[in-house]
Amino acid sequence: MSTNIIVNRICEQCGKNFLAKTTVTRFCGIACNRRNYKQRIRRSKVAVGDAQVLQTRTQAIMSQPAEFLTQLFCPGWQDGETRAFPERTGGVA
């Protein structure tokens, strides 16, 4: 089945107007199609690399001791006694 439909489209890669022979054509030619494909591949590789960097940084942060989450010990207090700051516990000392 053949149709003689011609659709005026704008290339998604370069932005030029062109006449498409089908309603699903996205690019003005093979060069723009290839450029777009290579850009998509490049973006996906960069996204994978970014995810790996984020995972590595998260693991490094999580493996560090969380001293800021421990309770405070003061040598002037009785042995083994710990206290939290009132502003961190809602005003109760």
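Attention in this report is confined to the structure presented alongside it. (Residues numbered from 1 in each chain as written. Predicted model: local features only at pLDDT ≥ 70, side-chain atom pairs only at ≥ 80, totals over all residues. Heavy atoms only, no water.)

### Let's talk about the overall build of the protein
Scanning the protein for helices and strands turns up one helix and two strands. Classification of the 93 residues of the protein by burial places 8% in the buried group. Relative to all contacts within the protein whose residues are 6 or more apart in sequence, the contacts with residues 24 or more apart total 2%. As displayed, the protein has an accessible area near 8400 Å², and 56% of this comes from carbon and sulfur atoms. (Helix = DSSP H or I, 4+ residues; strand = E, 2+ residues; numbered from the N terminus. Buried < 20%, exposed > 50% of the residue type's maximum accessible area, 1.4 Å probe, protein only. Contact = heavy atoms within 4.5 Å. Areas by Shrake-Rupley, 256 points an atom, 1.4 Å probe, with all protein chains shown as cover.)

### Focus on the pairing of strand β1 (residues 7-10)
Both β1 and strand β2 (residues 17-20) contribute to a ladder of four bridges, which runs antiparallel. Its bridge partner lying in β2, V7 is registered against A20. Counted between consecutive antiparallel strands, the loop separating β1 from β2 contains six residues, among which G15 sits at a positive phi close to 85°. (Pairing = 2+ DSSP bridges.)

### Section: the environment of N8
Relative to the assigned elements, N8 resides in strand β1. Measuring from C-alpha to C-alpha, the distance between N8 and T23 comes to 9.4 Å, with 15 residues separating the pair along the chain. Setting aside residues up to four positions removed in sequence, N8 forms contacts with N17, F18 and L19.

### Section: the side chain of N36
Relative to the helices and strands, N36 resides in helix α1 (residues 30-63). Not counting chain neighbours up to four residues away, the residues in contact with N36 comprise Q13, R26 and F27.

### Some words on the nonpolar core
Burial of nonpolar side chains together is a common tendency in soluble globular proteins. The biggest cluster of nonpolar side chains holds six residues, and these are V7, C11, F18, A20, F27 and C32. Setting aside its immediate chain neighbours within four residues, C11 contacts K16, F18, R26, F27, C28 and C32. (Core = buried A, V, L, I, M, F, W, Y, C linked by side-chain atoms within 4.5 Å.)

### Focus on the pattern of salt bridges
Think of it this way: side chains of opposite charge can pair up when their charged atoms draw near. Applying the stated criterion across every chain yields a total of one salt bridge. Its salt-bridge partner being E12, residue R26 comes within 3.0 Å of it at the nearest N-O pair. Taken together, the positions of R26 in the loop between β2 and α1 and E12 in the loop between β1 and β2 put the pair 14 residues apart, joining distant regions of the chain. Relative accessible area serves as the criterion here: at 37%, R26 is assigned to the partly exposed category. (Salt bridge = Lys/Arg side-chain N within 4 Å of Asp/Glu carboxyl O.)

### Some thoughts on the environment of C11
Here C11 lies in the loop between β1 and β2. Taking C-alpha positions, C11 is 8.7 Å from T25, a pair spaced 14 residues apart along the chain.

### A short note on the state of the cysteines
A covalent bond bridging the sulfur atoms of two cysteines is what the word disulfide describes. A full pass over the atoms with the stated rule returns zero disulfides. The closest cysteine sulfur to the non-disulfide-bonded C14 is located on C11, 3.6 Å from its own sulfur. Between C28, a cysteine without a disulfide, and C32, which holds the nearest cysteine sulfur, the sulfur-to-sulfur distance is 3.5 Å. (Disulfide = S-S within 2.5 Å.)

Any functional reading would require information beyond the geometric quantities listed.
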